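Commentary on secondary and tertiary structure
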Amino acid sequence: MSVALTKGGNVSLSKQAPGLTAVSVGLGWQVGAGGGVGFDLDASALLCDRSGTVLSDDHFVFFNNLRSPDGSVRHLGSEPVGGSGGDDERIHVDLTTVPPEVEKIVFPVSLYEAEQRGQSFGQVQRAHIRVVDETTGTELARYDLRGDAATETAMVFGELYRHGAEWKFRAVGQGYASGLAGIAQDFGVDVLRPQPPAPPAVAPAVPHASTAPSPTGSSPMTCFFDPGHGPGSTPVTWSPQWGVPRQIQACPGCAQRVRTTPPPYYTAPQAGYPDPYAQGTPQGYPQPVQQGYPQQPDHHQQGGGRRFGTGALIGAGAAGLVGGALLNEAFDDDEPDVVVNNFYEE
């Protein structure tokens, strides 16, 4: 005698049919008039361990994998359109050969391409799952689903599970709005997990600005630091003492100096100030050569230099005082110290 179950109910199949060795799980449905054309439902089976996870992707039996690795569960084929009132798909389970690590076998039904076709289980008028003794053909248990899923696109109809030495059947009726992929996520089926979008094509890596070669076809440029050094064939990032860093074109020698010198970087030598990087220049702060200050004339030098009278000296002193005041006024502000060739003057 068949036991009619409601959602969440269970029955011992071993007590219903002592000596039970194999069952056939039949699943069926009827689509309403609003279901449209191409309404395709697919039944499947998941062989799960104690944690509720499939043993492997191969233990997910569906239309693309009709047999479990051990052969204990076999999908008997798919009928694309339901509506006969009988079983639209059947799955055979040999209870005697189910691996011992399998604690339960879950039976989902999903709508094929439901999102693209705008379909859901709300358009399914009636659906059922039933368990039949494979040997005698006797129906042992049945669960009828009516309006249990309005918007869902996949449902777990029921499950076979071990209870000690017995096999039992439970009516589940759990819907998934995310379709069969949502069931896959719950039961660990990697083959059905949504695949992330492919990353955009990555352009070839561009070398660092300090080492990138000049673009092909670019117009020739002289060295930023000294046009006499040759063409500026190497772009480097230069940090001046004042201002923001920027990219310039330099000859290979100057570019190497910029790369190996902490900011502020090397700048072009100025008149009267030796290049601190030139060969033979002593290390440390170079002493600037004073410009515009003649050597003090030697009064004992015969015939040397022009002599000035007392009045001229007084006038020059007064002019020096006035000039000094003007210079003090000119430099008495908040401007930074004067920098020559990136070395501070004392």
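The preceding data block contains the structure.
Here is a short report on the structure shown in this document. Predicted model, so just to flag it, every value in this text is computed and none were measured.

With respect to the pattern of salt bridges
For the structure shown, the criterion picks out 9 salt bridges. When the shortest N-O distance is used, the salt bridge between Glu-166 and Lys-15 registers 4.0 Å. Highlighted residues: Glu-166 in strand 13 (residues 166-176) and Lys-15 in helix 1 (residues 13-16), separated in sequence by 151 residues. Among the salt bridges present, the one from Arg-142 reaches Glu-139, with a minimum N-O distance of 3.7 Å. One network of salt bridges, in which partners are shared, links Asp-87, Arg-130, Glu-139, Arg-142 and Asp-144.

A look at the sheet that holds strand 1 (residues 3-5)
Reading across the sheet, the 6 strands line up as 1-11-10-3-8-7 and stay open at both edges, with mixed pairing between neighbours. Two strands bound the open sheet, and with one partner strand each, they are strand 1 and strand 7 (73-75). Strand-to-strand twist of the sheet, defined as the mean angle between neighbouring strand axes without regard to direction, takes the value 15 degrees. In the sheet, strand 10 (residues 124-133) pairs with strand 11 (residues 139-145) via 6 bridges, with the strands oriented antiparallel. Looking at strand 11, one finds that Val-132 is bridged to Glu-139.

As for unusual backbone geometry
In this model, Glu-113 sits at a positive phi of 50 degrees, which is unusual for a non-glycine residue. Along the chain, Glu-113 turns up in the loop between strand 9 (104-111) and helix 2 (114-117). Under the relative-accessibility criterion, Glu-113 is labelled partly exposed at 34%.

Considering the nonpolar core
The biggest cluster of nonpolar side chains holds 41 residues, and the ones touching the most others in it are Leu-27, Ile-105, Phe-107 and Leu-160. Setting aside anything within four residues of it in sequence, one finds Ile-105 in contact with Ala-45, Leu-46, Leu-47, Val-73, Val-93, Val-98, Gly-158, Glu-159 and Leu-160. One finds Val-106, Val-172, Phe-187 and Val-189 within the second-largest nonpolar core, a separate group that totals 15 residues.

Looking at the environment of Asp-94
With respect to the helices and strands, Asp-94 occurs in strand 8 (residues 89-94). For Asp-94 and Val-73, which are 21 residues apart along the polypeptide, the C-alpha to C-alpha distance reads 6.5 Å. Leaving out residues up to four positions away in the same chain, Asp-94 has contacts with Thr-21, Ala-22 and Ser-72. Within the structure, the side chain of Asp-94 is placed 2.6 Å from the side chain of Thr-96, a separation counted as a polar contact.

A few points about helix 3 (residues 179-187)
Along helix 3, the residues classified as buried are Gly-179, Leu-180, Gly-182, Ile-183, Ala-184 and Phe-187. On its buried side, helix 3 packs onto strand 5 (45-48), strand 6 (60-61), strand 9, strand 12 (154-163) and strand 13. Gly-188 sits one or two positions beyond helix 3 and adopts a positive phi of about 80 degrees.

So, how was this worked out
- Residues numbered from 1 in each chain as written.
- Predicted model: local features only at pLDDT ≥ 70, side-chain atom pairs only at ≥ 80, totals over all residues.
- Heavy atoms only, no water.
- Salt bridge = Lys/Arg side-chain N within 4 Å of Asp/Glu carboxyl O.
- Helix = DSSP H or I, 4+ residues; strand = E, 2+ residues; numbered from the N terminus.
- Pairing = 2+ DSSP bridges.
- Axes fitted to C-alpha atoms, helices over the stretch in contact; angles between N-to-C directions.
- Buried < 20%, exposed > 50% of the residue type's maximum accessible area, 1.4 Å probe, protein only.
- Core = buried A, V, L, I, M, F, W, Y, C linked by side-chain atoms within 4.5 Å.
- Contact = heavy atoms within 4.5 Å.
- Polar contact = N/O pair within 3.5 Å; in protein donor to acceptor, adjacent residues only side chain to side chain.

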